[in-house]
Amino acid sequence: MEEEKKVTGRNNILFSAAAVLILCVLLFPLYWALITSLKTEQEIFQNPPTFYPHILNLKSYAAQVETGDFNMFRSFGNSFLISLGATVIAVILAVPASYGIAKYRFKARKLMLLSFLVTQMLPVSVLLTPMFIMFKNMHVYNTWIAAVLADATIGIPFSVLILKNYFASIPKDLEEAAYLDGCNRFTAFIRILIPIAKPGVMVCAIFSFLYAWGDLAYGMTFILDQEKRPITAGIFNFMGQYGTKWSYLTAFAVVTIIPVALIFIFMQKYIVSGMTSGAVKG
Amino acid sequence: MKRKKWIALLATLTMMTGVITGCGSSGETQETAEPAAEEESSGEEAAVEETEETASAEGAEAVTIWYYWETEGHQVALDQVIQEYNASQDSYQVTAKYVPFADFKKQLSIGASADELPDIAILDSPDHASYVDMGIFEDITGKFDVSSYYEGTVNSCTVDGKLYGVPFGVNCLALYYNEDMLKDVGCSVPTTWDELKETAKALTTDNVTGLALCSVQNEEGTFNFVPWLWSTGATSYDINNENGIRALSYIQSLIDEGVMSKECINWTQGDVMNQFISGNVAMMENGPWQIPTMQSEAPDLNWKVTLIPKDSEYSSVLGGENYAVISGGNVDGALDFLTYATSEEKVKFMMEKFGYISADKTIAENQFEADSPYQPFVEELNYAMPRGPLAEWPGVSDAISLAFNQVITGTATPEDAAAKAQETIDGIVK
Amino acid sequence: MKKHKKLFRYDNVGILFVLPAFLYMLIFVGYPIIRNIVLSFQDVNAGNLVRGTKNFIMFENYLELFKDDVFRTSLANTLKYTVLCLIFQFLIGFVLALFFSKRFSLAKPVRGILLVPWMIPVTVTALMFKLLFATDIGVINYILRSLHLISKNIEWLTTPGTAMFALVCANIWIGIPFNMILISTGLTTIPKELYESASIDGANKVQTFFSITLPLLRPTIESVLILGFIYTFKVYDLVYVMTSGGPVNSTHMLSTYSYKLSFEMFKYSKGSAVANVLLVILLIVGVFYIKATTAGEEE
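No experiment lies behind these values; they were computed from the predicted model shown.

Each value, and the rule that gives it
Residues numbered from 1 in each chain as written. Chains lettered and ligands numbered in written order. Predicted model: local features only at pLDDT ≥ 70, side-chain atom pairs only at ≥ 80, totals over all residues. Heavy atoms only, no water. Helix = DSSP H or I, 4+ residues; strand = E, 2+ residues; numbered from the N terminus. Buried < 20%, exposed > 50% of the residue type's maximum accessible area, 1.4 Å probe, protein only. Contact = heavy atoms within 4.5 Å. Areas by Shrake-Rupley, 256 points an atom, 1.4 Å probe, with all protein chains shown as cover. Salt bridge = Lys/Arg side-chain N within 4 Å of Asp/Glu carboxyl O. Phe/Tyr/Trp six-rings, centres within 6.5 Å; stacked < 30°, edge-to-face > 60°. Buried area = accessible area lost by both parts, 1.4 Å probe. Polar contact = N/O pair within 3.5 Å; in protein donor to acceptor, adjacent residues only side chain to side chain. Nonpolar A, V, L, I, M, F, W, Y, C, P; charged D, E, K, R; others polar. Pairing = 2+ DSSP bridges. Axes fitted to C-alpha atoms, helices over the stretch in contact; angles between N-to-C directions. Arc of directions from axis to C-beta. Core = buried A, V, L, I, M, F, W, Y, C linked by side-chain atoms within 4.5 Å. Parallel < 35°, antiparallel > 145°, perpendicular 65-115°, else oblique. pLDDT = per-residue confidence, 0-100.

(A) Structural context of the overall build of chain C. Looking only at helices and strands, chain C has 13 helices and zero strands in total. Going from the N terminus to the C terminus, chain C shows its helices and strands as α-α-α-α-α-α-α-α-α-α-α-α-α. Considering chain C as a whole, with its 299 residues, one finds that 59% of them fall into the buried category. Sequence separation of 24 or more characterises 67% of the internal contacts of chain C that already satisfy a separation of 6 or more. Counting every atom, chain C has about 12,400 Å² of accessible surface; 69% of that belongs to carbon and sulfur.

And the structure:
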């Protein structure tokens, strides 16, 4: 178990220090966003730039809560429900699909795999109008459902392509053992394979959620009422006709990260173990 | 208790629908109000009120407006006029929806394809002709008296002699200058291109650039470029000549001599204003809608507004929004609301809240005190011309903003840029 | 009964697992694809979007495109951008994934935090990078100047070449966590016993990496690269917000140009044609991917 040996002693400190260094470099833009959100607009435009706010300005955070029709907490709720809905659809549909593609050699398999690829190749400019017409005909235009359905189209093909490798890496003997124990194909899939593929499922769920969370085009186009729009719609309050208000905008970035980050921290135990626990024990 | 209310409400609604679809003749409202009151006889006044409100809302036809102002003050002012209108009559119920500026064209395009449009759109005036061409706007010739409006604003919503909209408000660009900075270098207010360049040179230091104008490569940039183009006598459609090249060369020389930052190609008009109030820029070309923000964000800054300096003639560009009525929508309701909203009293109220200038010349001329910062814009309006109106304006606009961007970034000479723009424009206008 | 059995032959059952997801995608994305193809052969603009006849002009839109400078630039840009982003974000992501697979105290928490760039909407990220790369007030110029690497501020976003560089940097920043996490999860599928027996056989770390890690990670790497390729190739928000295709159209991508044609200039058919070119290129890459991934499988 060479790869899995715990790093201890001096090496542990060295590695950890390197990790912190990587963290600092990669997260510098985030640090910059944070301090920009706490500066006054005048200080932001100061040359040379300041590395910490000389005058603490919290006005930008107060503006996040409510601007016109936009209410931050309500938008959070909207975004959360939309993302959750899209994630659930993506996982429920993608997990069996990826299993089917990984483990069975049916005729249309390659074609289907290709079509999952193709479906995520379309640029937004092509998707918006026809999707809009469809949602209107389905009577879900201007509801969360429209955004959920549209956002799931990003998560599904992504999850299928990632998860199929997972299922493919699970040895056949495991499945066969399950059949011997009296499982049929469907129960074997549910009882044996899904638990083994949990890290993959977890990652797909996370990415599906984050894709939906960051979506702006679908939420803006298919939902007209400000009260139903996702949190990302709030960005328009701080950029546009009156210029980019950097302090407001970066404060917006900070507040959009916080709830997702909190979810991650609370669920870290599951996510981290899900992502790193040895998948294949066989 | 709460549940009871809902049941009552639901019952009323069901009955009402039944009655309306059932006989459809007069007197339904009264009939429905009665059983509702009976059901609530146990006596909850609030519930009765709620029912009545629903009844009136149900009877009123919906009128939807799309607009793109993200500023809270604008939204509140518009909303107030709408609320007053809704309270003033029972036939129509107006609601306004915010569609961001960046999404507005897209949303109207998609809406047109999907037949899902509002009843009124309040849109940027240069785009008006394109949508008329698309056939989504109602011909409202003769429905509004626009004779006292600025000619250019009326032109922007007129196609083939027919009126397809009503101007909401008007604006134009002028030159803002930082009074203190100007005083420090002992310059007077520039009125010609040469003076402007000299002044800008004097004002430029390590931390301050003399002049800024929004130069992004889109309609917003075109808006800021055309006053310079037109001032030479060139038109939007005729650029590849001595005049057009002179305009391009002038802007290029501002960049080359360091009195204007190349960064302008990434600054929206709002960004330019932010640079100005932060003291990084001494003079800027901008519009009157920035004034409320400037006054609140930088109350101590001393600035004034003057005409854009001229080459051979004073020139500015007309901007602003128009109301348009969507054909196939609730046209009667839309017209009724517009008649209300374009009354002198409402126009005055909205213009003041918005920091806009009325498109109605008679209102505009008495709208401000003589020393108001808005007054120079009213004067500048006399020299302001509209873009287009032309259905293919987006194509022409693209060619113009590209040409200016080319000379600013030094990727083409003024001559080449003018020739290329002309080629594109000729392909569109012929 | 027999017929029934044949239909439910082992492999054909598989299709039942795939069908729901397939149909979902077919419904929501199939129609847009067909509509887009039809649109690209017509002459739809503002004048005939709603009323009037939409003439079929066949390949005229496409022919026009190849005479269009901006289109050619966008095509070249998209390819250049995709390749550059892909190489760097994959390599950095891979190295980080290997690094964080070591079990030192901070490995798990730090790797978790590195996912944060993914939680920010791309539009916001783009604006943040616009601020970082600003000429006068941007911190990147300030740092470079402080380190005496440059003497004069670089006009990152207003010069064609450097604007592209800034876009690539921003995209790599978003792409690193994506690559790192997916490769990390891929690493967990490699059975530990293989490493044990390799070390018993006396293989060193470099040998194990090339003989075990890399081959067993191949499916993951293929997926990560193809997904990365697709997402980078159709990049939209990032470019739109950071440069809008400028300066002077030098950073237009196929997606931004298609959007501009469709929704800003009302040339719907031409916009569709651009999108189709994008689609065809991705399709070719997709077919190669399928060929490569299914080559070794027993049919």
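(B) Layout of the pattern of salt bridges. Residues and elements named next belong to chain B. Applying the stated rule across the entire model yields 21 salt bridges over all chains. Residue Lys201 is joined to Glu257 by a salt bridge in which the shortest nitrogen-to-oxygen separation is 3.0 Å. Of this pair, Lys201 sits in helix α9 (residues 193–203) while Glu257 is found in the loop between α11 (242–256) and α12 (269–277), placing the two residues 56 residues apart along the sequence. Given the relative accessible area of 38%, Lys201 is considered partly exposed. Between Glu345 and Lys346 there is a salt bridge, with the nearest N and O atoms lying 3.7 Å from each other. Accessibility expressed as a relative area gives 57% for Glu345, which makes it exposed.

(C) Broad picture of unusual backbone geometry. Here the amide bond leading from Gly388 of chain B into Pro389 of chain B is cis, since omega sits at -5 degrees, within 30 degrees of zero. Turning to its location among the elements, Pro389 of chain B is positioned in the loop between β14 (384–385) and α18 (393–409). Although it is not a glycine, Asn142 of chain A adopts a positive phi angle of roughly 65 degrees. Here Asn142 of chain A lies in the loop between α7 (124–137) and α8 (144–169). Unusually for a residue other than glycine, His148 of chain C sits at a positive phi of about 60 degrees. By the secondary structure assignment, His148 of chain C is in the loop between α7 (139–146) and α8 (160–187).

(D) Seen up close, the packing of aromatic side chains. Summed over all chains, the structure comprises 75 aromatic pairs over all chains. Ring plane angle 55 degrees and centroid distance 5.8 Å describe the contact between Tyr176 of chain B and Phe377 of chain B, whose orientation is recorded as tilted. Linking Tyr176 of chain B in strand β8 (residues 174–178) with Phe377 of chain B in helix α17 (residues 375–380), this pair joins segments that are 201 residues apart in sequence. You can call Tyr176 of chain B buried: its relative accessible area is 0%. Judged by centre distance (5.1 Å) and plane angle (80 degrees), the rings of Phe41 of chain C and Phe59 of chain C are edge-to-face.

(E) Region of the structure containing the interface of chain C and chain A. Each partner contributes to the interface: chain C provides 100 residues, whereas chain A provides 120 residues. At the boundary of chain C with chain A, total buried surface from both sides reaches about 10,200 Å², with 76% on carbon and sulfur atoms. At the boundary of chain C with chain A, the tally comes to zero salt bridges. Our count for the chain C to chain A interface comes out at 13 residue pairs in polar contact (both at pLDDT 80 or more). Of the residues forming the side of chain C that touches chain A, the biggest block, 22 residues, is contributed by helix α2 (residues 10–40) of chain C.

(F) Structural context of the environment of Gln375 of chain B. Residues and elements named next belong to chain B. Its place among the elements puts Gln375 in helix α17. Its relative accessible area of 22% is what places Gln375 among the partly exposed residues. For the pair Gln375 and Val331, spaced 44 residues apart in sequence, the C-alpha to C-alpha distance is 36 Å. Leaving out residues up to four positions away in the same chain, Gln375 has contacts with Phe368, Glu369 and Ala370.

(G) Focus on the interface of chain B and chain C. Listed per partner, the contact involves 30 residues of chain B and 29 residues of chain C. Buried surface at the junction of chain B and chain C, both sides included, amounts to about 2,300 Å², of which 55% is carbon and sulfur. When the buried area of chain B at its contact with chain C is split by residue, Met134, Glu263 and Asn266 of chain B rank highest and sum to 22% of it. Counting every contact that joins chain B to chain C gives two salt bridges. A salt bridge links Glu155 of chain C to Lys262 of chain B; the nearest nitrogen and oxygen atoms lie 3.2 Å apart. Taken together, the links from chain B to chain C amount to seven residue pairs in polar contact (both at pLDDT 80 or more). Put simply, the parts of the chain that give the side of chain B that touches chain C at least two residues each are α5 (101–114), α6 (128–134) and α18 of chain B. Sort the elements by how many residues they give to the side of chain B that touches chain C and α5 of chain B lands first, with eight residues. Class assignment of the residues belonging to the side of chain B that touches chain C gives a composition of 10 nonpolar, 12 polar and eight charged.

(H) Here's a closer look at the sheet that holds strand β9 (residues 209–213) of chain B. All names here are of chain B. The strand order across the open sheet built from four strands is β9-β10-β8-β11, with neighbouring strands paired in mixed fashion. Bordering the open sheet on either side are β9 and β11 (303–306), each of which pairs with just one other strand. Shown here is a sheet whose adjacent strand axes are inclined to one another by a mean of 20 degrees, direction ignored. Of the pairings in the sheet, the one linking β8 to strand β10 (residues 281–286) comprises four bridges and is antiparallel in character. Note that in β10 the partner of Tyr177 across the bridge is Met283.

(I) Representation of helix α15 (residues 344–354) of chain B within the structure. All names here are of chain B. Within the span of α15, buried status applies to Lys346, Val347, Met350, Met351 and Phe354. Burial along α15 is one-sided: seen end-on, the buried residues are contained in an arc of 125 degrees. In α15, the exposed positions that point more than 90 degrees away from the buried face belong to Glu345 and Glu352. Contact partners of the buried residues in α15: α4 (72–88), α13 (291–297), β13 (321–325), α14 (331–341) and α16 (361–365). Positive phi appears at Gly355, one or two residues downstream of α15, with a value of about 75 degrees.

(J) Main features of the side chain of His128 of chain B. Residues and elements named next belong to chain B. Note that His128 resides in helix α6. Residue class for His128 comes out buried when judged on its relative accessible area of 0%. At 3.0 Å, the side chain of His128 and the backbone oxygen of Tyr164 are in polar contact. With residues up to four places along the chain from it excluded, the contact list for His128 reads Leu123, Phe137, Ser156, Cys157, Tyr164, Gly165, Asn322, Tyr323 and Ala324.

(K) Main features of the nonpolar core. Counting 332 residues, the largest nonpolar core has Phe116, Phe167 and Phe207 of chain A, Phe337 of chain B together with Phe100 and Met242 of chain C as the members making the most contacts within it. The dominant element in this core, judged by the number of residues it contributes, is α8 of chain C, at 15 residues. If we skip the residues at most four places from it in the chain, Phe167 of chain A touches Val95, Ser98, Tyr99, Ala102, Lys103, Phe189, Leu193 and Ala197 of chain A.

(L) Quick peek at the packing of α8 of chain A against α8 of chain C. One way to put it is that α8 of chain A packs onto α8 of chain C with a least axis distance of 10 Å and a crossing angle of 30 degrees. Relative to α8 of chain C, α8 of chain A is oriented roughly parallel. Counted together, Phe158, Ile162 and Tyr166 of chain A of α8 of chain A and Phe178, Leu182, Thr185 and Gly186 of chain C of α8 of chain C form the full contact between these two elements. A class-by-class count of the residues in the contact of α8 of chain A with α8 of chain C yields five nonpolar, two polar and no charged.

(M) Highlighting the environment of Met284 of chain B. All names here are of chain B. Tracing the backbone shows Met284 in strand β10. A relative accessible area of 0% places Met284 in the buried class. For Met284 and Tyr176, which are 108 residues apart along the polypeptide, the C-alpha to C-alpha distance reads 5.2 Å. The residues touching Met284, leaving out its near neighbours within four places in the chain, are Ala174, Leu175, Tyr176, Leu211, Ala212, Val272, Met273, Phe276 and Met294.

(N) Main features of the confidence of the model for chain C. Residue and element names in this part refer to chain C. Counting all residues, the mean pLDDT for chain C is 87, and 95% of those residues have values of 70 or more. Per-element confidence in chain C ranges from a low mean pLDDT of 46 for helix α1 (residues 2–7) to a high of 94 for helix α4 (residues 69–100). Interface confidence for the predicted complex, given as ipTM, is 0.85, next to a pTM of 0.85.

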